[in-house]
Amino acid sequence: MSETILEVKNLRTSFALDEGGQVRAVDDLSYTIKRKEFTAIVGESGSGKSVSVLSVMRLVNYPPGMIIGGKILYDGKDILALDEEEMRRIRGKEIAMIFQEPSAAMNPVMKVGDQIGEAIRMHEDISKEEAHKRAIELLRMVDIPNPEERVNMYPYEFSGGMLQRAMIAMAMSCNPKLLICDEPTTALDVTVQAQVLEQINHLREQFDTTIVLITHNLGVVARYADSVKVMYGGTIVEEGDKMDIFKDPQHPYTMGLIKAVPRLDKKSKKLYTIEGEPPDMSKIPLLSCAFADRCAYADDVCRHKRPTLSQIGEGDHKCACFHMDKVILERGEQEA
């Protein structure tokens, strides 16, 4: 069995604009996910994180969205080459997803237990009664109190935290090998966020599930992730294990994200911010670094040539930047 469970190769997903042209939401994206690993994908809103995983699930709405190139290999099989019936057998059974807004992802006029049971029966040949019992056990597994009663309630009768747990129960109903979590705690308060993330991590350890977490929260990444992929402008600009990214960042954007995290051990009059706005991917030239307009190190090379991921050292650490030497030098001066 291969160590790699998911490999994305040169993926391109675009959205057509009414006035013509297109937004390159995912732009020549390549990465691999190792089996049983907890991988975090981080970056600002608009960097292409959610569209990239929706592309993996083949849930990009057409029109206006379309996957226009690349490969997505799951267990060695290119899922972009599958017909819709074959994809349905994989989606939910092999690869499951927890969405950012469970209230929008769940049917408001169906009982929670019926929705979980429907997900089970779609992939397994069991009766409605058996699926109902499984739904109760799944709700108990994610620590929802009184699951025998809650299973017959509607989504609006659940709190935000319980609804997200119900979504986790639905995603785990068929013991998927790969679980994608798209900012699963965004709408929750801090205490409930911690509970939900602990639940996801516990399920990963219990079922050997591979986790891909989309998040803005670098504190969450530091606590749970094994490896980190930093996205900007629809592609990966730096990747490596957790210690590589936090202790030895090489890309100016990665450094900016880390510096922007508030720290209690350092007093400052104002918080650090990365100047500028995320790029308009309908206007950025194909042959350029998308971060050039916000980067202090950018020069003509950056504006006329696209950097590719380069190996750093002997591990999995890679970075796409023409000026890593300058970044490292400045970081050393700041730390000194």
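The model shown is predicted, which means the values in this text are computed figures rather than measured ones. (Residues numbered from 1 in each chain as written. Predicted model: local features only at pLDDT ≥ 70, side-chain atom pairs only at ≥ 80, totals over all residues. Heavy atoms only, no water.)

## Looking at the environment of Ile-214
Mapped onto the secondary structure, Ile-214 falls in strand 8 (residues 210-215). Looking at Ile-214, the relative accessible area reads 0%, which means it is buried. Here Ile-214 is in contact with Ile-41, Lys-49, Val-53, Cys-181, Asp-182, Glu-183 and Pro-184, once residues within four sequence places are set aside. (Helix = DSSP H or I, 4+ residues; strand = E, 2+ residues; numbered from the N terminus. Buried < 20%, exposed > 50% of the residue type's maximum accessible area, 1.4 Å probe, protein only. Contact = heavy atoms within 4.5 Å.)

## Section: helix 5 (residues 128-141)
An ideal rise of 1.5 Å per residue puts 20 Å on 14 residues; helix 5 measures up with 20 Å between its terminal C-alpha atoms. Residues of helix 5 that are buried: Ala-131, Ala-135, Ile-136, Leu-138 and Leu-139. Each buried residue of helix 5 lies within a common arc of 165° when the element is viewed along its axis, so the set occupies one face. In helix 5, those exposed residues whose orientation departs by more than 90 degrees from the buried face are Glu-129 and Lys-133. Residues of helix 5 that are buried in the fold lie against helix 4 (112-123), helix 6 (147-150) and helix 7 (160-171). Note on helix 5: the residue one or two positions beyond its end, Asp-143, has a positive phi of about 65°. (Expected span 1.5 Å × (residues − 1). Arc of directions from axis to C-beta.)

## Some words on the side chain of Ser-52
Tracing the backbone through its elements, the reader meets Ser-52 in helix 1 (residues 49-56). Judged by its relative accessible area of 1%, Ser-52 is buried. Ser-52 has contacts with Leu-11, Val-26, Leu-29 and Met-231, leaving out every residue within four places of it along the chain.

## Describing the nonpolar core
The biggest cluster of nonpolar side chains holds 65 residues, and the ones touching the most others in it are Ile-98, Ile-116, Phe-158, Ile-168, Leu-179 and Tyr-253. It is helix 7 that contributes the most residues to this core, 8 residues altogether. Those residues in contact with Phe-158 that lie beyond four places of it in its chain are Val-112, Ile-144, Arg-150, Met-153, Leu-163 and Ala-166. Formed by 28 residues, the second largest nonpolar core is a distinct cluster that contains Val-8, Leu-11, Met-57 and Ile-95. (Core = buried A, V, L, I, M, F, W, Y, C linked by side-chain atoms within 4.5 Å.)

## A few points about a nonpolar patch on the surface
Side chains of Tyr-62, Met-66 and Ile-68 sit close together on the surface and give an oily, nonpolar patch of about 330 Å² of accessible area. Its location among the elements puts Met-66 in strand 4 (residues 65-74). (Patch = residues over 30% accessible without salt bridge, like charges linked within 9 Å, V, L, I, M, F, W, Y side chains within 5 Å. Areas by Shrake-Rupley, 256 points an atom, 1.4 Å probe, with all protein chains shown as cover. Salt bridge = Lys/Arg side-chain N within 4 Å of Asp/Glu carboxyl O.)

## Description of the packing of aromatic side chains
Within the structure shown, the criterion is met by 5 aromatic pairs. Measuring from ring centre to ring centre gives 6.2 Å for Tyr-154 and Tyr-156, while their planes differ by 15°; the resulting arrangement is stacked. Plain terms: the ring middles of Tyr-232 and Phe-291 are 5.1 Å apart, the flat faces sit at 85° to each other, and that makes the pair edge-to-face. Of this pair, Tyr-232 sits in strand 9 (residues 227-232) while Phe-291 is found in the loop between helix 11 (252-259) and helix 12 (300-304), placing the two residues 59 residues apart along the sequence. Comparing Tyr-232 with Phe-291, the two get one shared label, buried. By way of ring pairs, the aromatic residues Tyr-232, Tyr-253 and Phe-291 are connected into one cluster. (Phe/Tyr/Trp six-rings, centres within 6.5 Å; stacked < 30°, edge-to-face > 60°.)

## A few points about the packing of helix 7 against helix 8 (residues 190-207)
At their nearest, the axes of helix 7 and helix 8 sit 10 Å apart, and the two run at 15° to each other. By the angle between their directions, the pair helix 7 and helix 8 is classed as roughly parallel. Crossing handedness for the pair helix 7 and helix 8: right-handed. Residues Gly-161, Gln-164, Arg-165 and Ile-168 of helix 7 form the contact with helix 8, whose participating residues are Val-192, Gln-195, Val-196, Ile-200 and Leu-203. Here the contact of helix 7 with helix 8 is built from residues that sort into 5 nonpolar, 3 polar and 1 charged. (Axes fitted to C-alpha atoms, helices over the stretch in contact; angles between N-to-C directions. Parallel < 35°, antiparallel > 145°, perpendicular 65-115°, else oblique. Left-handed = near helix turned anticlockwise from the far one by under 90°. Nonpolar A, V, L, I, M, F, W, Y, C, P; charged D, E, K, R; others polar.)

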